[in-house]
Amino acid sequence: MELFGTAGIRGSVTETVTPELALAVGRAAAADGDEFVVGRDGRVTGPALAAAMEAGLESAGATVHRAGMLPTPALAFASQGRRGVMLTASHNPPTDNGIKVFTDGVEYDRDSERGIESRVDAGTGPVAWDEWGESQRVEPLVEYRQAVADFAESRGADLDGLRVAVDCGNGMGALATPQVLRELGARVVALNANVDGHFPGRESKPTPETLSDLREFVANGDFAFGLGHDGDADRIVIVDADGDVVHEDTVLAILAEHYVRTADVDDPVVVTTPNASARIDERVRAADGRVERVRLGALHEGIAAARADGADVVFAAEPWKHIHTAFGGWIDGVASAAVVARLVADGGLDALRGPVTERPYRKVSVACPDAAKASTMTALETTLPAAFPNAEVDTEYGVRLEFSDASWALVRPSGTEPYVRIYAESDDVDALVADVRAVVDEAVADAS
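The structure displayed is predicted, hence computed values, not measured ones.

This part is about the UniProt feature "domain: Alpha-D-phosphohexomutase alpha/beta/alpha" (unreviewed entry) in the protein chain. Listed under "domain: Alpha-D-phosphohexomutase alpha/beta/alpha" (unreviewed entry) in the UniProt record, and renumbered for this structure, are residues 2-122 and 143-243. Annotation note: span residues 2-122, helix share 37%, strand share 26%, distance between end C-alpha atoms 13 Å. Taken end to end, residues 143-243 comprises 25% helix and 19% strand; its first and last C-alpha atoms sit 33 Å apart.

So this is what it looks like as structure tokens:
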């Protein structure tokens, strides 16, 4: 039974993430530890799923600390020194929900997730009646918010009245980001800051389209920048003073360069994913650091692997999602908001963006039957390098081509849909995509 995707278990509450599943996952997870903190986002189905999860954990002998509604990064913070479960579907529609499992502030790795899957598949019953666990209420949110503010104070400059607009999207960001920024001295105007599991203000996924109200509000106001969160506040999108969305890889590059430049270590490393822009590599190299890449959804595994090799990981991120390793091992959009605000206060968003080379970017989906994906990718490991002999090739997570002018292309199979994805960035991105797609189309045709 395969339950976990790249971001926990996620899906429809009537078909996939049901109370029955939450109960079973709770019982299976209890085999890993005897103490769990459980939280949820603001979805309508959250209370029932949390109750089922808590029942599963307790009936398998674990002690449960009930944290109630809070952002996913706050749950991860609270899981330090123990284990944690967050009930959230992040940016999915309100009909969905999900389950993420943490240990000591870090998401479960693939092996740990597979362990839960195998125990759910086998069926885990309750322990003896007199061995059931207990539960108690905990409130880690205030401590988390203060910890984020304290961490950000070592970055950039005092906010001193910096005007920031925050679109919370009726999600968990409403419980943390405005409060943290105000603690740091910002003047915050919050939009969609009431928690509502129907997401009436906008769709939960923050995109240029769904953030149209925020963008217009910032453009017509006197703001240094704006930001938008997804439903559980692990993602962040930055909007400049003109109301334009700052490319997610530019935000990543700004933060990566900052952490490398300020790191007091010999070998500062930034961990990112294969679909992340070469602009990140450029800025990290300029600051005398280096980049390591890991598969999508596995930043925590990439951090662990780099550290095992003796590297000092100063930052880890994939587009929209950042791990501030000096603060903790989890993805944290609230911490990103605080750190970005401090950096903006130190010189302005335009100055931060100035050194970052922003080339045209495209993402294309090529239809490919699920059964043909493996053979298609095997063929592309040979045919793409042959078609682009001047490129540096990495085949660890798809096929990534890097060129001397910092252009790049990545081909990888979708994990959830019948497509092969092409990502590309180049001054002549249309020509690069066309050349790559010709090779991909041929490989798909041969494999289908």
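On we go from here.
The next thing to look at is the nonpolar core. In this structure, Tyr144, Leu181, Phe225, Leu227, Ile238, Phe315 and Phe327 are the most contacted members of the largest nonpolar core, which totals 66 residues. Aside from chain neighbours lying at most four places away, what touches Phe225 is Leu162, Arg163, Val164, Ala165, Ile238, Val239, Val340, Ala341, Val344 and Leu349. In terms of nonpolar packing, the next biggest core, distinct from the first, is built from 28 residues, Ile9, Ala29, Ala50 and Val101 among them.

Before going further, it helps to spend a moment on the sheet that holds strand 13 (residues 290-293). One open sheet accounts for four strands, arranged 13-12-14-15; its pairing is mixed. Sheet topology places strand 13 and strand 15 (321-323) at the edges, where each strand pairs with a single neighbour. Averaged over all pairs of adjacent strands, the angle between strand axes in this sheet comes to 25 degrees, irrespective of strand direction. In the sheet, strand 12 (residues 268-272) pairs with strand 13 via four bridges, with the strands oriented parallel.

As a rule of thumb, non-glycine residues mostly have phi less than zero, and peptide bonds are mostly trans rather than cis. One non-glycine residue, Trp320, lies in the positive phi region at around 75 degrees. Mapped onto the elements of the fold, Trp320 is located in the loop between strand 14 (312-318) and strand 15. Phi at Ala406 takes a positive value of approximately 75 degrees, unusual for a residue other than glycine. With respect to the helices, strands and loops of the structure, Ala406 is situated in the loop between strand 18 (399-402) and strand 19 (408-413). Classification of Ala406 as buried rests on a relative accessible area of 12%.

Here the focus is the sheet that holds strand 17 (residues 392-394). Across the sheet, five strands lie side by side as 16-20-19-18-17; this open sheet has antiparallel pairing. Only two strands of the sheet have a single neighbouring strand rather than two, namely strand 16 (361-367) and strand 17. Sheet twist, expressed as the mean angle between neighbouring strand axes with direction ignored, is 15 degrees. Relative to strand 20 (residues 419-425), strand 19 runs antiparallel, the two sharing six bridges. When the sheet's bridge partners are listed, Trp408 is paired in strand 20 with Glu425. In this fold helix 14 (residues 429-447) packs onto strand 16, strand 19 and strand 20, with an angle of close to 20 degrees to the strand it touches most, strand 16.

On to helix 5 (residues 141-152). In this model, helix 5 (twelve residues) spans 17 Å end to end at C-alpha, consistent with the 16 Å of a helix rising 1.5 Å per residue. Within helix 5, the full set of buried residues consists of Leu141, Tyr144, Ala147, Val148, Ala149, Phe151 and Ala152. As for helix 5, its buried residues are in contact with helix 3 (72-78), helix 6 (177-183), helix 8 (248-262) and helix 11 (333-345).

Taken together, the side chains of Asp405, Asp427, Asp428 and Asp435 make up a negatively charged region of the molecular surface. Position of Asp435 relative to the elements: it lies in helix 14.

For the coordinates displayed, the defined rule picks out nine aromatic pairs. Relative to Phe403, the ring of Phe388 has its centre 5.9 Å away and its plane inclined at 75 degrees; by these criteria the two rings are edge-to-face. Here the residue Phe388 occupies a position in the loop between helix 13 (373-387) and strand 17, and Phe403 occupies one in the loop between strand 18 and strand 19, the gap between them amounting to 15 residues. Residue Phe388 is classed as buried on the basis of its relative accessible area, which comes to 11%. An aromatic cluster of at least three residues, connected via ring pairs, comprises Phe77, Tyr144, Phe151, Phe327 and Trp330. Residue placement shows Arg163 over the ring face of Phe223; its charged tip is 4.4 Å from the ring centre. Lying across the ring of Trp408, Arg400 places its NZ or CZ 4.4 Å from the centre.

Let us now look at the side chain of Ser12. Within the element layout of this structure, Ser12 appears in strand 1 (residues 9-12). For Ser12, the side chain forms a polar contact with the side chain of Thr14, separated by 3.0 Å. Residue contacts for Ser12: discarding those within four places in its chain leaves Val17, Thr95 and Asp96.

Assignment of secondary structure puts Asp232 in the loop between strand 10 (225-229) and strand 11 (236-239). Not counting residues within four places of it along the chain, the set of residues in contact with Asp232 comprises Pro71, Thr72, Pro73, Thr88, Ser90, Lys100 and Met172.

Definitions and limits used
Residues numbered from 1 in each chain as written. Predicted model: local features only at pLDDT ≥ 70, side-chain atom pairs only at ≥ 80, totals over all residues. Heavy atoms only, no water. UniProt positions renumbered as here; feature names shortened; annotations may be inferred. Helix = DSSP H or I, 4+ residues; strand = E, 2+ residues; numbered from the N terminus. Core = buried A, V, L, I, M, F, W, Y, C linked by side-chain atoms within 4.5 Å. Buried < 20%, exposed > 50% of the residue type's maximum accessible area, 1.4 Å probe, protein only. Contact = heavy atoms within 4.5 Å. Pairing = 2+ DSSP bridges. Axes fitted to C-alpha atoms, helices over the stretch in contact; angles between N-to-C directions. Expected span 1.5 Å × (residues − 1). Patch = residues over 30% accessible without salt bridge, like charges linked within 9 Å, V, L, I, M, F, W, Y side chains within 5 Å. Areas by Shrake-Rupley, 256 points an atom, 1.4 Å probe, with all protein chains shown as cover. Salt bridge = Lys/Arg side-chain N within 4 Å of Asp/Glu carboxyl O. Lys, Arg positive; Asp, Glu negative; His and termini not counted. Charge placed at Lys NZ, Arg CZ, Asp CG, Glu CD. Phe/Tyr/Trp six-rings, centres within 6.5 Å; stacked < 30°, edge-to-face > 60°. Lys NZ or Arg CZ within 6 Å of the ring centre and 35° of its normal. Polar contact = N/O pair within 3.5 Å; in protein donor to acceptor, adjacent residues only side chain to side chain.

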